[in-house]
Amino acid sequence: MGSLGSLNFVVICLFYDSIHSLLPPPSYSRIWLHPFSTATQRTAGEDCSSEDPPDELGPSLAERALKLKAVKLEKEVQDLTLRYQRAVADCENIRKRTQRCVEDAKIFGIQSFCKDLVEVADILEKTTECISEETEPGDQKLTLEKVFRGLSLLEAKLKSVFAKHGLEKMAPIGDKYDPHEHELICHVPAGVGVQPGTVALVRQDGYKLHGRTIRLAQVEVAVESQRRL
């Protein structure tokens, strides 16, 4: 039995060696499998790396673009703010200049009119001096003549000044009564040739400045006898 067992053991060993020789070495199988797995992993890695960078760079590019846009908008805001401040300052300067012009117009608006009235004042002053001069009783007629000439010159000068500045005296006698131009003082009976409702007499002259009534004329209006007040 001992020799038979030894023989069986030898046979089994030979059988194992023959089968083992038919199989590829373990090292070859490891070398054969790992390159494929590594290549597969590497290809997947390369594919991922080719797709991942845009995903990683995308947000950074968008962020840079937003920052540039924010800087641009900030500059535009600063520019608009500066322009707005300048416009406000210009408007304030214009308002102040306009206010000064209005105030000057109120104060010096009648400067030309006053300058013309100075000549009237000169004529009146000379006439007054002529009256105040001591004259002999026989010279009264001469003095009155001088006064008349002075007053005539004064009236003519006033009319010229008034016409120059658009100031016109109204002569409403015979015109129809107009409450916008006439101030009714009383009613009088309509005389011959006088129509009822028209101005029969002027108590005080009225004046217009460039067509606008600045003083109403005080008038008496003619009415029929039965309507007299």
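Criteria and cut-off values
Residues numbered from 1 in each chain as written. Predicted model: local features only at pLDDT ≥ 70, side-chain atom pairs only at ≥ 80, totals over all residues. Heavy atoms only, no water. Helix = DSSP H or I, 4+ residues; strand = E, 2+ residues; numbered from the N terminus. Buried < 20%, exposed > 50% of the residue type's maximum accessible area, 1.4 Å probe, protein only. Contact = heavy atoms within 4.5 Å. Areas by Shrake-Rupley, 256 points an atom, 1.4 Å probe, with all protein chains shown as cover. Core = buried A, V, L, I, M, F, W, Y, C linked by side-chain atoms within 4.5 Å. UniProt positions renumbered as here; feature names shortened; annotations may be inferred. Expected span 1.5 Å × (residues − 1). Pairing = 2+ DSSP bridges. Axes fitted to C-alpha atoms, helices over the stretch in contact; angles between N-to-C directions. pLDDT = per-residue confidence, 0-100. Phe/Tyr/Trp six-rings, centres within 6.5 Å; stacked < 30°, edge-to-face > 60°. Salt bridge = Lys/Arg side-chain N within 4 Å of Asp/Glu carboxyl O. Polar contact = N/O pair within 3.5 Å; in protein donor to acceptor, adjacent residues only side chain to side chain.

1. With respect to the overall build of the protein
- Within the protein, the secondary structure is distributed over four helices and six strands.
- The N-to-C order of helical and strand elements in the protein reads α-α-α-α-β-β-β-β-β-β.
- Relative to its 229 residues, the protein shows a buried fraction of 12%.
- In the protein, the share of contacts with a sequence separation of at least 24, taken over all contacts with a separation of at least 6, comes to 66%.
- Of the roughly 18700 Å² of accessible surface on the protein, 61% is carried by carbon and sulfur atoms.

2. Some remarks on the nonpolar core
- Counting five residues, the largest nonpolar core is built from Met 170, Val 199, Ala 217, Val 219 and Val 221.
- Once residues within four sequence positions are removed from consideration, Val 199 is found in contact with Pro 172, Ile 173, Gly 174, Asp 175, His 182, Val 219 and Glu 220.

3. Focus: the UniProt feature "coiled-coil region" (unreviewed entry) in the protein
- Here, UniProt's "coiled-coil region" (unreviewed entry) annotation points to residues 63-97.
- Secondary structure over residues 63-97 splits into 100% helix and 0% strand, and the C-alpha atoms at its two ends are 51 Å apart.

4. Some thoughts on helix 4 (residues 140-164)
- The end-to-end C-alpha distance of helix 4, which contains 25 residues, comes to 36 Å, matching closely the 36 Å that a straight helix rising 1.5 Å per residue would cover.
- If you check which residues of helix 4 are buried, you get Thr 143, Val 147, Gly 150, Leu 154, Val 161 and Phe 162.
- Phi turns positive one or two residues past the end of helix 4, at Gly 166, with a value near 80°.

5. Topic: the sheet that holds strand 2 (residues 182-189)
- An order of 2-6-3 is seen for the three strands of this open sheet, with the pairing classed as mixed. Among the strands making up the open sheet, the edge pair consists of strand 2 and strand 3 (199-204). The sheet shows a mean angle of 30° between the axes of neighbouring strands, direction not considered.
- In this sheet, strand 6 (residues 217-223) lies alongside strand 2 in parallel orientation, the contact comprising seven bridges. Counterpart to Leu 184 in the pairing with strand 6 is Val 219.

6. Thoughts on the confidence of the model for the protein
- Averaged over all residues, the pLDDT of the protein equals 77, while 69% of them reach at least 70.
- The low-confidence segment residues 27-46, where pLDDT is below 50, has one contact with residues more than four positions distant or belonging to other chains.

7. Examining the packing of aromatic side chains
- Applying the stated criterion across every chain yields a total of one aromatic pair.
- Taking 6.0 Å as the distance between ring centres and 75° as the angle between the ring planes, the aromatic pair formed by Phe 162 and Tyr 207 counts as edge-to-face. Taken as a pair, Phe 162 in helix 4 and Tyr 207 in strand 4 (residues 207-209) lie far apart in primary sequence, 45 residues in all.
- A relative accessible area of 18% places Phe 162 in the buried class.
- Using a relative accessible area of 19% as the deciding quantity, one classes Tyr 207 as buried.

8. Some thoughts on the pattern of salt bridges
- Applying the stated rule across the entire model yields nine salt bridges.
- Residue Glu 63 is joined to Lys 67 by a salt bridge in which the shortest nitrogen-to-oxygen separation is 3.6 Å. On the criterion of helical spacing, the pair formed by Glu 63 and Lys 67 is a turn pair, its members being four residues apart in helix 2 (residues 26-108).
- Across the salt bridge formed by Glu 220 and Arg 203, the nearest N and O atoms sit 2.6 Å from each other. With a gap of 17 residues between them, Glu 220 in strand 6 and Arg 203 in strand 3 connect regions that are remote in the sequence.

9. Focus: unusual backbone geometry
- With phi around 55°, His 210 is a residue other than glycine that occupies positive phi space.
- The class for His 210 is exposed, based on a relative accessible area of 65%.

10. Description of the side chain of Glu 220
- Taking the relative accessible area as the measure of exposure, Glu 220 reaches 8% and is therefore buried.
- Within polar-contact distance, the side chain of Glu 220 engages the side chain of Arg 203 at 2.6 Å.

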